[in-house]
Protein chains: 2
Amino acid sequence: MALEHAILVSLLEKPGSGYELARRFERSIGYFWTATHQQIYRVLKRMETDGWVAAREVPQQGRPDKKEYSVADLGQAALSSWLHEPIEPESVRHDLAVKIRGAAFDDPAALVREVERHRQVHTDRLAHYLAGEERDFPGEYPAGAGVEPDAERELQHVVLRGGIAYERMMIAWLDDVLTTLRRFGPGR
Amino acid sequence: MALEHAILVSLLEKPGSGYELARRFERSIGYFWTATHQQIYRVLKRMETDGWVAAREVPQQGRPDKKEYSVADLGQAALSSWLHEPIEPESVRHDLAVKIRGAAFDDPAALVREVERHRQVHTDRLAHYLAGEERDFPGEYPAGAGVEPDAERELQHVVLRGGIAYERMMIAWLDDVLTTLRRFGPGR
DNA sequence: CGTTGCTATGCAACTGGTTGCATAGCAGGA
DNA sequence: TCCTGCTATGCAACCAGTTGCATAGCAACG
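Residues numbered from 1 in each chain as written. Chains lettered and ligands numbered in written order. Predicted model: local features only at pLDDT ≥ 70, side-chain atom pairs only at ≥ 80, totals over all residues. Heavy atoms only, no water.

- The name an unreviewed UniProt entry assigns to chain A is PadR family transcriptional regulator, from the organism Streptomyces lichenis.

### Points about the protein's contact with DNA strand C
Move 1: Taken together, 21 residues lie around DNA strand C, and Tyr19(A), Gln60(A), Lys67(A), Arg93(A) and Arg42(B) are the ones closest in.
Move 2: Side-chain polar atom of His37(A) to a base oxygen of DNA strand C: 3.1 Å apart, as the coordinates give it.
Move 3: In the model, a base oxygen of DNA strand C is placed 3.1 Å from a nitrogen or oxygen of the Gln38(B) side chain.
Move 4: Sorting the residues of the surface near DNA strand C by element identifies helix H2 (18-24), helix H3 (37-49) and strand S2 (66-71) of chain A together with helix H3 (37-49) of chain B as the ones contributing at least two each. (Near = heavy atom within 4 Å. Polar contact = N/O pair within 3.5 Å; in protein donor to acceptor, adjacent residues only side chain to side chain. Helix = DSSP H or I, 4+ residues; strand = E, 2+ residues; numbered from the N terminus.)

### What about the UniProt feature "domain: Transcription regulator PadR N-terminal" (unreviewed entry) in chain A?
Move 1: Here, the residues flagged by UniProt with the feature "domain: Transcription regulator PadR N-terminal" (unreviewed entry) are residues 7-80 of chain A.
Move 2: For residues 7-80 of chain A, the helix share is 47%, the strand share is 16%, and the end-to-end C-alpha distance is 13 Å. (UniProt positions renumbered as here; feature names shortened; annotations may be inferred.)

### As for the packing of aromatic side chains
Move 1: Counted according to the given criterion, the structure contains three aromatic pairs over all chains.
Move 2: Directly above the aromatic system of Trp33(B) lies the positively charged group of Arg93(A), at a separation of 4.9 Å from the ring centroid. (Phe/Tyr/Trp six-rings, centres within 6.5 Å; stacked < 30°, edge-to-face > 60°. Lys NZ or Arg CZ within 6 Å of the ring centre and 35° of its normal.)

### A closer look at the protein's contact with DNA strand D
Move 1: In the vicinity of DNA strand D lie 21 residues, with Arg42(A), Tyr19(B), Tyr41(B), Gln60(B) and Arg93(B) positioned nearest.
Move 2: Among atoms of DNA strand D positioned within 4 Å of the protein, sugar and phosphate together represent 62%.
Move 3: For DNA strand D, a base oxygen lies 2.9 Å from a polar atom in the side chain of Gln38(B).
Move 4: Contacts to DNA strand D include Gln60(B), whose side-chain N or O atom sits 2.3 Å from a phosphate oxygen.
Move 5: At the level of elements, H3 of chain A together with helix H2 (18-24), H3 and strand S2 (66-71) of chain B are the ones that each hand at least two residues to the surface near DNA strand D.
Move 6: Take the surface near DNA strand D: its biggest share by element is four residues, from H3(B).
Move 7: Across the surface near DNA strand D, the residue classes break down as five nonpolar, eight polar and eight charged. (Nonpolar A, V, L, I, M, F, W, Y, C, P; charged D, E, K, R; others polar.)

Okay, here's the thing in structure tokens:
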């Protein structure tokens, strides 16, 4: 399980409340790890009792108070030991691939719309990533010349580049899928 | 949930026992949908009581008997209706991306080995896919000239091409990650 | 003043997936 | 003969993740 660790990383990058974390999981972090707010609150509570994070009541004006969490020493240690133990390359789950192979026993042409919809989602995500890269990492080259560069920033960037590469690959593949599907007439 | 549907597709491609399905989920299907044998047996039993699949006792020589499952009409209908309803583009979970961003708060250089290990796994999978493509789809071109081509075969191929594209993308990205990681010295 | 909507947190029930363990047939080698 | 190993199936307990619902503060709008 890596939700705890994803939360630790996010809180190290910037402390925040459960609510704020949930919002981050809808955006940047959410592109490689998803979690609902219920899950986050539950895990956060467990992490607090385990001493991984410390909570601080923050009164706010114009909105309800919040509990701002930050990483405690135990949490830092837990993250560190997790980083040092090997993990298995993630197991993939592609519903769409199941559908595509299943379409052979139904109506291949009927999948075209669905695949086009997915393609649109990936195109949107790519545009969103590229905008984020433009905004947060302008004028940076993969092989920058600076001595001892900023690790946090560079590593965020390389993860983002991974997202970009993934979306580009998906779009190209979905085009391949569409070409293939369109070779079959309607009906079975 | 798509495990039921993945099983239906697999059984339509070729009927088989729970054990055989479990083995398939370790290979071809397993590359876009994972499942353990326990999960498969449990779901298979439910599918049988729901009338989605039919079981047939097959006595074997030299090994225990097996229950061979094949898809029933209700299962075919269930698959068809699933194929026609839209699904959300899958939520990704990349432990490695969490680790990479987390490495900024620990020791970036210590991740090099782990990333190299992952790169090796993806290289192996790519080789495995390419060998399978060579074996099962020799001398085929993306835009084949045949009229009314074999849907099952072509759709299996396009899914395989997706796997190949994914592995190539991952290898290239992991190289990018390694280059980035190596710019940081050991220790924090 | 009531409604809508955003921030902020949480419980309870359920479903899907994992892990550990158990059983049994049979083959082949030590 | 016993042990290892592969085929084949399954139970029980647990853990992670989802869904539905509930509450509450406060702002802005009509």
